[in-house]
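Chain and residue survey
Letter by letter, the chains look like this.
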Amino acid sequence: MSTSETTRNNRRPSPMDRFRQLPLRSRLAMLTAVAVAIAVALSAAACWLITRDRLTEQLDAQLSRVEVNPSYVQALSAYCANPDDGVRFQPTPYTIQLVSAGGYVCTSPEKAAIPAQRPDTAVAEGRLESTVHTTKAEGGAEMRVWTKQYGGPLTDAQGKRLAISVAVPMEQVTQPLDQLALVLLIVAGVGVLGAATAGLWVARAGLKPVDRLTDAVEHVARTQDLAIRIPVDGEDEIARLSRSFNSMTAALAASRDLQQQLIADAGHELRTPLTSLRTNIDLLVRSEQSGRPIPSADKVALLASVKAQMGELAALIGDLQVLSRPSEPGQSAVEVVALHVIVGSALERARLRGPSLTIAADLAPWYVRAEPAALERAVVNLLDNAVKFSPPGGTVEVRLAGGELTVRDHGPGIPQDELPHVFERFWRSPSARSLPGSGLGLSIVARTAEQAGGAVRLRSADVGGTEAVLTLPGAATPPPGIPEPPRPQEPPQGPQ
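It should be emphasised that the depicted structure is a prediction, and the values quoted were computed from it without experimental measurement. (Residues numbered from 1 in each chain as written. Predicted model: local features only at pLDDT ≥ 70, side-chain atom pairs only at ≥ 80, totals over all residues. Heavy atoms only, no water.)

1. Quick word on the overall build of the protein chain
Within the protein chain one finds 12 helices and 12 strands. Across the 496 residues in the protein chain, those meeting the buried criterion constitute 34%. Long-range contacts, defined here as pairs at least 24 residues apart, represent 61% of the contacts in the protein chain between residues at least 6 apart. Of the roughly 29300 Å² that the protein chain leaves accessible, carbon and sulfur atoms contribute 58%. (Helix = DSSP H or I, 4+ residues; strand = E, 2+ residues; numbered from the N terminus. Buried < 20%, exposed > 50% of the residue type's maximum accessible area, 1.4 Å probe, protein only. Contact = heavy atoms within 4.5 Å. Areas by Shrake-Rupley, 256 points an atom, 1.4 Å probe, with all protein chains shown as cover.)

Spelled out as structure tokens, the structure:
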């Protein structure tokens, strides 16, 4: 282990790491509680500040309306000049004092003096008409002071005019604010606890579908049971996730069933040629071991049978490989190809396989987007079917027009009740079981048509035989930049 990894492993987890390790419902409850706590704290702070400002404004308005009796001012001035005169003052809830421009204050004897501030001396000097501020008295009490110019004839020792201050304790503001802060704190605590409880309950209720989905996924991982389905209620994100999970399990179950069916069908189809091949080889081996040679004609027939069965096995394995390839877009080399050229090439192979047949072709240019090799194999399979079921000396008609490829034979045809099964894997008509083939040719055609965005269908022809129609989207002219390939030369239409 490297030094960096050791350091990282020995590092103490941070609070964020611990938070991430909590269950989702606990994190949601905590986030809800924190969000509510922040909202309540901001609301409480705003409420406290607004209340403080309103109470202070009311107190200032109260102080501004106080009118000091001139006789009280005269008595206060006389008391400050000679405290021993025995001047008596009427009791008042306010602290009234005279302020000189030099900062001297004269306060009634039953009240604590309040040191003058710069705004107070500015009013006494005449630079301000009035001022209001909060300060502390000599006893430490917080006071709200309103200072204004005194309009009477009274002056200080230097003959300068005086200012008069009216003050009241700030308890009228602080006491209600302290009570309000206590109430807000209690309400905030209850709100946060309630929010945390509600958040935990909401998280539990909201995550129940997620719990069901988790249980279902764990059940599938544990038992590989793809038949499980989650009940879906509503149209929210959880419901969409549940529907997607149900669709996924249904698709996986269908894919597994198809895979098992394909394996079973492949095993069944492989058993017949393998059994026949083993029987023929056993005969040849027994002949060599016993010293009793097989007649030449029978030996030639046995070897021909072995060769045919090996060819059938090879064809079957090739078809299985084609069907096992992924069918998702982008997995194969899709390009613009000339369908009429591919059909022309497939016709040459079909004429070689049916030399006694007449193959008439009418091919109009058509360009499609598909995988060239897969498309050619599909067309060859259609033509092979027509050649295989055509009677000796018969005619196969091939026509390509407007993106529709029609291959018509004049064979025995397919009964109506068998038409729905012709594109199933390994399905073979009872009348065709003795003919060579794997039962996968038309399945490959259907798969190729679907990948190219088209379709294929079989129908009974009007005068006997079968008509296969392959429809592919495309255009009659190639896209810009792609040269038009030369059209293949048509060989004579009679038997080859």
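Now that the structure has been shown, the text picks up again.
2. A closer look at the pattern of salt bridges
Scanning the model with the defined rule gives seven salt bridges in all. The residue Arg-54 makes a salt bridge to Glu-57 at a minimum N-O spacing of 3.7 Å. Of the two residues, Arg-54 and Glu-57 both sit in helix 3 (residues 24-64), three residues apart, roughly one turn of that helix. Judged by relative accessible area, which is 45%, Arg-54 ranks as partly exposed. Its salt-bridge partner being Arg-457, residue Glu-404 comes within 3.9 Å of it at the nearest N-O pair. Of this pair, Glu-404 sits in strand 10 (residues 404-408) while Arg-457 sits in strand 11 (residues 455-460), placing them 53 residues apart in sequence. A relative accessible area of 36% places Arg-457 in the partly exposed class. (Salt bridge = Lys/Arg side-chain N within 4 Å of Asp/Glu carboxyl O.)

3. Some remarks on the sheet that holds strand 12 (residues 466-471)
Strands sit in the order 7-9-10-12-11 across an open sheet of five strands; the sheet is mixed. Because the sheet does not close on itself, it has two edges, and the strands there are strand 7 (358-363) and strand 11. Direction aside, neighbouring strands of the sheet carry axes that sit 10 degrees apart on average. Where strand 10 and strand 12 come together, five bridges link them in antiparallel fashion. The residue of strand 12 that forms the bridge with Val-407 is Ala-468. Sitting on the sheet, helix 10 (residues 339-353) is in contact with strand 7, strand 9 (395-401) and strand 10, with an inclination near 175 degrees to strand 7. Docked against the sheet, helix 11 (residues 372-389) engages strand 9, strand 10 and strand 12, running at close to 25 degrees with respect to strand 10. (Pairing = 2+ DSSP bridges. Axes fitted to C-alpha atoms, helices over the stretch in contact; angles between N-to-C directions.)

4. Looking at the confidence of the model for the protein chain
Here the protein chain shows a mean pLDDT of 78. Residues at 70 or above account for 80%. Element-level pLDDT for the protein chain is lowest in helix 1 (residues 3-10), with a mean of 53, against a maximum mean of 91 in strand 3 (residues 130-136). Here residues 491-496 is modelled with pLDDT under 50, and outside its nearest four sequence neighbours on either side it reaches 16 contacts, counting other chains as well. (pLDDT = per-residue confidence, 0-100.)

5. Description of the sheet that holds strand 1 (residues 95-99)
Strand order across the open sheet formed by five strands is 2-1-5-4-3, with antiparallel pairing between neighbours. Every other strand in the sheet has two partners, leaving strand 2 (105-107) and strand 3 as the edge strands with one partner each. Across the sheet, the mean angle from the axis of one strand to that of its neighbour is 25 degrees, orientation sign disregarded. Across seven bridges, strand 4 (residues 142-149) lies against strand 5 (residues 163-169) in antiparallel orientation. Bridging from a neighbouring strand, Arg-144 pairs with Val-168 of strand 5. Strands in contact with helix 5 (residues 118-125) are strand 1, strand 3, strand 4 and strand 5; relative to strand 3, the strand with the most contacts, it is inclined by about 150 degrees.

6. Details of helix 10
Since the α-helix packs 3.6 residues into each turn, any two residues three or four apart lie on the same face. Helix length check: helix 10, at 15 residues, gives a terminal C-alpha distance of 21 Å against a target of 21 Å (1.5 Å per residue), a fit within 8%. Residues of helix 10 that are buried make contact with strand 6 (335-338), strand 7, strand 8 (367-370), helix 11, strand 9 and strand 10. (Expected span 1.5 Å × (residues − 1).)

7. Quick look at the pairing of strand 9
Here strand 9 shows a clear split, with Val-396, Val-398 and Leu-400 buried on one side and none of Thr-395, Glu-397, Arg-399 and Ala-401 buried on the other. Alignment of strand 7 against strand 9, held across six bridges, turns out to be parallel. Bridge pairing links Ala-361 to Val-398 in strand 9. Between strand 9 and strand 10, which pair antiparallel and follow one another directly, the connecting turn spans two residues, one of which, Gly-402, has a positive phi of 60 degrees.

8. A look at the pairing of strand 12
Burial of strand 12 is extensive: five of the six residues sit out of reach of the surface. Note: strand 11 against strand 12, six bridges, orientation antiparallel. Its bridge partner being in strand 12, Arg-459 is matched across the sheet by Glu-467. The hairpin turn running from strand 11 into strand 12, its antiparallel successor, is five residues long, and Gly-464 in that turn takes a positive phi close to 95 degrees.

9. A closer look at helix 7 (residues 208-223)
If you check helix 7, its first and last C-alpha atoms are 22 Å apart, about what 16 residues at 1.5 Å a residue would give, namely 22 Å. Residues of helix 7 that are buried include every one of Pro-209, Leu-213, Ala-216 and Val-220, and no others. Projection of helix 7 onto a plane perpendicular to its axis shows the buried side chains occupying an angular sector of 60 degrees, all on one side. When the buried face of helix 7 is taken as reference, the exposed residues oriented beyond 90 degrees from it are Lys-208, Ala-221 and Arg-222. Gln-224 lies just past helix 7 and shows a positive phi near 60 degrees. (Arc of directions from axis to C-beta.)

10. A few points about the side chain of Arg-351
The residue Arg-351 is located in helix 10 in this model. According to the relative accessible area criterion, Arg-351 is buried, its value standing at 8%. A polar side-chain atom of Arg-351 sits 3.2 Å from the main-chain carbonyl oxygen of Ile-359. (Polar contact = N/O pair within 3.5 Å; in protein donor to acceptor, adjacent residues only side chain to side chain.)

11. Some thoughts on a nonpolar patch on the surface
A grouping of Leu-24, Leu-28 and Leu-31 is seen on the molecular surface, where their side chains present a nonpolar patch of about 250 Å² in accessible area. For Leu-28, the position within the fold is in helix 3. You can call Leu-28 partly exposed: its relative accessible area is 34%. (Patch = residues over 30% accessible without salt bridge, like charges linked within 9 Å, V, L, I, M, F, W, Y side chains within 5 Å.)

12. Here we look at the packing of helix 3 against helix 6 (residues 171-206)
Between helix 3 and helix 6, the least distance of the axes is 8 Å, while the angle of their chain directions is 160 degrees. In this view, helix 3 runs roughly antiparallel relative to helix 6, as classed from their interaxial angle. Along this stretch, helix 3 crosses helix 6, giving a crossing that reads as right-handed. Across the contact of helix 3 with helix 6, the residue classes break down as 23 nonpolar, seven polar and three charged. (Parallel < 35°, antiparallel > 145°, perpendicular 65-115°, else oblique. Left-handed = near helix turned anticlockwise from the far one by under 90°. Nonpolar A, V, L, I, M, F, W, Y, C, P; charged D, E, K, R; others polar.)

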